[in-house]
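What the coordinates show
Here's the letter readout for the chains.
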Amino acid sequence: MSRFGNLDEAAPRRLPPVHLWNPPHCGVIDMRIARDGRWYYMGTTIDRPAMVKLFSGILRREPDDSYVLVTPVEKVGIRVDDAPFVAVELAVNGTGKEGRQLAFRTNLDDVVPLDGEHPLRVAEDPETGEPSPYILVRDRLEALISRPVYYELVALAEERAVAGGTELGVWSAGRFFPLGQIEQDAD
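As the structure is a prediction and not an experimental result, all values here were calculated from the model.

A closer look at the environment of Asp82
Assignment of secondary structure puts Asp82 in the loop between strand E6 (75-80) and strand E7 (85-93). On a C-alpha basis, the gap between Asp82 and Gly37 in space is 9.0 Å, while along the polypeptide they are 45 residues apart. Side chain to side chain, Asp82 and Arg35 meet in a polar contact 2.7 Å long.

With respect to helix H3 (residues 147-155)
Within H3 the residues assigned to the buried category are Val149, Tyr150 and Leu153. Taken around the axis of H3, the buried residues stretch over an arc of 100 degrees, which confines them to a single face. Pointing more than 90 degrees away from the buried face of H3 are the exposed residues Pro148, Tyr151 and Ala155.

So, a negative patch on the surface
On the surface, Glu124, Asp125, Glu127 and Glu183 cluster together into a patch of negative charge. Mapped onto the elements, Glu183 comes out in the segment after strand E15 (175-182).

Considerations on helix H1 (residues 49-57)
Restricting attention to buried positions, one finds in H1 the residues Val52, Ser56 and Gly57. Along the axis of H1, the buried residues cluster in a sector spanning 135 degrees; they form a single face. H1 presents Ala50 and Leu54 as exposed residues on the side facing more than 90 degrees away from its buried surface.

About the thresholds
- Residues numbered from 1 in each chain as written.
- Predicted model: local features only at pLDDT ≥ 70, side-chain atom pairs only at ≥ 80, totals over all residues.
- Heavy atoms only, no water.
- Helix = DSSP H or I, 4+ residues; strand = E, 2+ residues; numbered from the N terminus.
- Polar contact = N/O pair within 3.5 Å; in protein donor to acceptor, adjacent residues only side chain to side chain.
- Buried < 20%, exposed > 50% of the residue type's maximum accessible area, 1.4 Å probe, protein only.
- Arc of directions from axis to C-beta.
- Patch = residues over 30% accessible without salt bridge, like charges linked within 9 Å, V, L, I, M, F, W, Y side chains within 5 Å.
- Areas by Shrake-Rupley, 256 points an atom, 1.4 Å probe, with all protein chains shown as cover.
- Salt bridge = Lys/Arg side-chain N within 4 Å of Asp/Glu carboxyl O.
- Lys, Arg positive; Asp, Glu negative; His and termini not counted.
- Charge placed at Lys NZ, Arg CZ, Asp CG, Glu CD.

All we've got here are geometric facts, nothing functional implied.
The structure is reproduced here in C-alpha cells:
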C-alpha cells in the first residue's frame with residue numbers, strides 16, 4: 001500500500017475530450033502556470049483548487065508545443081513556464097524488477113504510474129548540468145518531478161551496464177527508466 005492509496009485502484013479523473021475539439025483560436029489570455037505549479041490570472045494566484053483542477057482539465061498542448069485552454073467553442077493560449085504539473089509525492093508498491101510499481105501524485109492530486117504509457121525523462125541544463133526530471137501525465141502534458149521527490153527516486157536507483165559505461169535508473173512496471181549516466185573515471 002502506498003502513502004496515497006492502492007495504486008491498482010487509483011482511477012484517473014474523467015476529463016473532457018479536448019483532443020477531439022478544434023474550435024477557433026481566440027487569442028492569448030493573461031494566464032500562467034509557474035514552474036512550481038501555481039496558476040496565475042492577470043498576475044494574481046488562483047487560490048481555489050477546484051478552479052485550477054477545472055482549468056487543468058481543459059488544458060491541451062498543441063503540436064507547436066504551445067499550451068491552450070480549449071472548449072468546444074473556443075481556444076485561448078496561456079503561458080506555461082516549464083511543465084503544467086508538478087509531481088509532489090512518490091509511492092512505491094512491490095519489490096524487484098518485475099514487482100515494483102512506482103507512482104507519482106501531482107499537485108492536482110492526479111496519480112500517475114511510472115510505466116510505458118507514462119514514461120520518465122530527464123532533461124539536463126546545458127550550462128549547469130542540473131537535471132530536470134519529468135513524467136508524462138497525459139496527452140503530451142508532463143509533470144516536473146519536485147526536487148524532494150527526485151531525491152527519493154534517486155535513492156531507489158540501481159546501476160545498469162550500457163554501451164560506454166553505466167547508467168543509473170529505476171525499475172517500475174517491469175521496465176527500466178534511466179535517470180542518467182554515471183561518469184567513468186579516465187585512467
